[in-house]
Amino acid sequence: MKGKSLKFRLLIWYGAWLVGGLVFLGVVLYAGLSESLIRALSSTQQQRAARIAETIWAWHQFPTGRTLSEEIDLRFAPRSKEWLFRITDKDGTLIYPTRPASDPLNGFGIALQTGVQKVRLSDGTRVVIGMVSTEQGEWIQAGESLEPVYSRIHESMALFLGVACIFALMAMLGACLLVRRTLAPVEAIAAAAARITSQSLSERLPVPRQRDEIAHLTETLNQMISRLDEAFQLNQRFEVDASHELRTPLTILKGELEQVLRDSRLEPWLQPSLGLLFEEVQRLSHLVESLLTLSRLDFGQTQEEWETVDLSEVAAVTAEQMELLAEDKEITMTCQTPGRAWVSGDRARLKQIVVNLCDNAIKYTNSGGRITISVRSNSENAILEVQDTGMGIPHEAVPHLFERFFRVDRARSRELGGVGIGLSIVKAICQAHRGHVEVESRLGFGSTFRVFLPRTSGQT
Ligand code: ADP
């Protein structure tokens, strides 16, 4: 049952207990019914045998001129009632019935003792026999078939089984409805919780109207989400503020260093150290800019700045601007934008997606390689594709590619000026535009990054 849903487990447990209870009830009912019916029939046989004993005693005391067999037939007529009678005298000679052939109990060797015995006849019939002895030493055996009793028990049990099946079915149906109704709020809460992401921590779970444990759990979860929201906002505010505060001194530092480096009075021995310093400040500045972009994206984009943008045009213009960088590395860059692809969004951010993907493609493709940028549309999305014939990405690195600061080869990325945030920004922009990004790569053969953004119906 491991891994099965709670609903399934509850129903299985309930069903098992229900069936177990009904089986137990059936067994008790069967045992009780057979015991009481057989006991009643046994006592009837015993009484019948005693009545015959009284008749024999009277026959001895007040002779009527009839034989004992005639007397029994006259008084009890057992043959017409399908009773079984057997009387033997003290020597064991059969008195009734007179011929052994018509004695159904003949040859069964029933022990002569007062009481009741159960016997199975040669035709399989089960009979119960009551036995008494007279003062003169006669043994009277009176019996009756148990078969009608058993068939009555079986009929009762069949009825019980039918009723139990209907009851079990109805009870299971009721349990199904009850479990579904009880767990429906849990499913609604799970679905609502699954929709809550770091971008939508302001949302809350729906609290069921009934003031029960589930409502309590939902309220507790909502309080937890509130605390998470506060912590998250604090963290994001810190990121934005810190990046913002770092940006200005770094820009000043960069400007000043640039000026010093350009100064003809600069001592030549200082140039390499200052050059290295300038590079590092530039990297830092790029990192801070990237972090600020990410923090702003995390903080939630205002859709007020959104416009209807032709992704094909953005890709074509950006590719043209980046072509110089590719040419420097002797990489052929082509852009295929057969038609317009309208999306709703922030033009600058959409451009950033193309820049980051092309920048990576150029960085991780050796000279002589090829980069193809294309934009097409399907019924739902505008699709931007940046394909390169570069070094490719190892299979195990692909799931981590869009994580912050993830780099397949740290040293190489650093050497190329990378900070490990470019793809996180691409993913964050895609998410902010209700789209997503996918990657396909073969180590040593190249990579394809595909961005899917919801289409809009054209310029408004
Ligand atoms: P970086 O600034 O290091 O390029 P990114 O977030 O843009 O950071 O990329 C993360 C890592 O993904 C890179 O360090 C690189 O290892 C790998 N990567 C990204 N794009 C490509 C590509 N086109 N070809 C091969 N590797 C890539």
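Scroll up a little and you will see the structure.
Since we're looking at a predicted model, the values are computed, not measured.

Asks: Would you mind showing me how to read the nonpolar core here?
Replies: Nonpolar side chains tend to gather and get buried jointly when the protein is soluble and globular. Of all hydrophobic cores here, the largest spans 43 residues; its most connected members are Ile-353, Leu-357, Ile-373, Leu-384 and Val-451. Those elements that provide at least two residues to this core are α6 (271-299), α7 (311-328), α8 (347-363), β9 (370-377), β10 (381-388), α10 (422-432), β11 (436-442) and β12 (446-454). Apart from the residues within four sequence positions on either side, Ile-373 is in contact with Ala-315, Ala-319, Met-333, Thr-334, Cys-335, Gln-336, Cys-358, Leu-384, Glu-385 and Val-386. Formed by 15 residues, the second largest nonpolar core is a distinct cluster that contains Ala-49, Ile-72, Trp-83 and Tyr-96.

Asks: Sorry, what's going on with the packing of aromatic side chains here?
Replies: Both the distance between ring centres and the angle between the ring planes are used here to describe each pair of aromatic rings. According to the stated counting rule, one finds one aromatic pair in the structure shown. Judged by centre distance (6.4 Å) and plane angle (80°), the rings of Phe-402 and Phe-449 are edge-to-face. In this pair, Phe-402 sits in the loop between β10 and α9 (410-415) while Phe-449 sits in strand β12, placing the two residues 47 residues apart along the sequence. Directly above the ring of Tyr-150 sits Arg-126, whose terminal nitrogen or CZ lies 3.9 Å from the centroid. Here the guanidinium or amino end of Arg-442 rests over the ring plane of Phe-445, the centre of that ring lying 4.1 Å away.

Asks: Sorry if this is basic, but what is going on with the site of the ligand here?
Replies: Taken together, 21 residues lie near the ligand, and Asn-360, Tyr-364, Asp-388, Ser-413 and Leu-423 sit nearest. A distance of 2.9 Å separates an oxygen atom of the ligand from a polar side-chain atom of Tyr-364. Measuring from an oxygen atom of the ligand, one finds a backbone N or O atom of Gly-420 at 3.0 Å. Protein coverage of the free-state accessible area of the ligand, which is 530 Å², stands at 97%. The pocket occupied by the ligand, as judged from atoms lying within 2 Å of grid points, is the largest pocket.

Asks: Explain the sheet that holds strand β7 (residues 332-336) here, please?
Replies: Paired through their backbone hydrogen bonds, the strands of a sheet run either parallel or antiparallel. Strand order in the open sheet formed by five strands is β7-β9-β10-β12-β11, with mixed pairing between adjacent strands. Each edge of the open sheet is held by one strand with a lone partner, namely β7 and β11. When strand polarity is set aside, the average angle formed by the axes of neighbouring strands in this sheet is 10°. Bridge analysis of β7 against β9 gives five bridges, and the strand direction is parallel. From the neighbouring strand, Thr-334 faces β9, where its bridge partner is Thr-372.

Rules used in this analysis
- Residues numbered from 1 in each chain as written.
- Predicted model: local features only at pLDDT ≥ 70, side-chain atom pairs only at ≥ 80, totals over all residues.
- Heavy atoms only, no water.
- Core = buried A, V, L, I, M, F, W, Y, C linked by side-chain atoms within 4.5 Å.
- Buried < 20%, exposed > 50% of the residue type's maximum accessible area, 1.4 Å probe, protein only.
- Helix = DSSP H or I, 4+ residues; strand = E, 2+ residues; numbered from the N terminus.
- Contact = heavy atoms within 4.5 Å.
- Phe/Tyr/Trp six-rings, centres within 6.5 Å; stacked < 30°, edge-to-face > 60°.
- Lys NZ or Arg CZ within 6 Å of the ring centre and 35° of its normal.
- Near = heavy atom within 4 Å.
- Polar contact = N/O pair within 3.5 Å; in protein donor to acceptor, adjacent residues only side chain to side chain.
- Areas by Shrake-Rupley, 256 points an atom, 1.4 Å probe, with all protein chains shown as cover.
- 1 Å grid on protein atoms, 1.4 Å probe; cavity = no way out; pocket = protein on both sides within 12 Å on 5 of 7 lines; lining within 4 Å.
- Sits in = over half its atoms within 2 Å of the grid points.
- Pairing = 2+ DSSP bridges.
- Axes fitted to C-alpha atoms, helices over the stretch in contact; angles between N-to-C directions.

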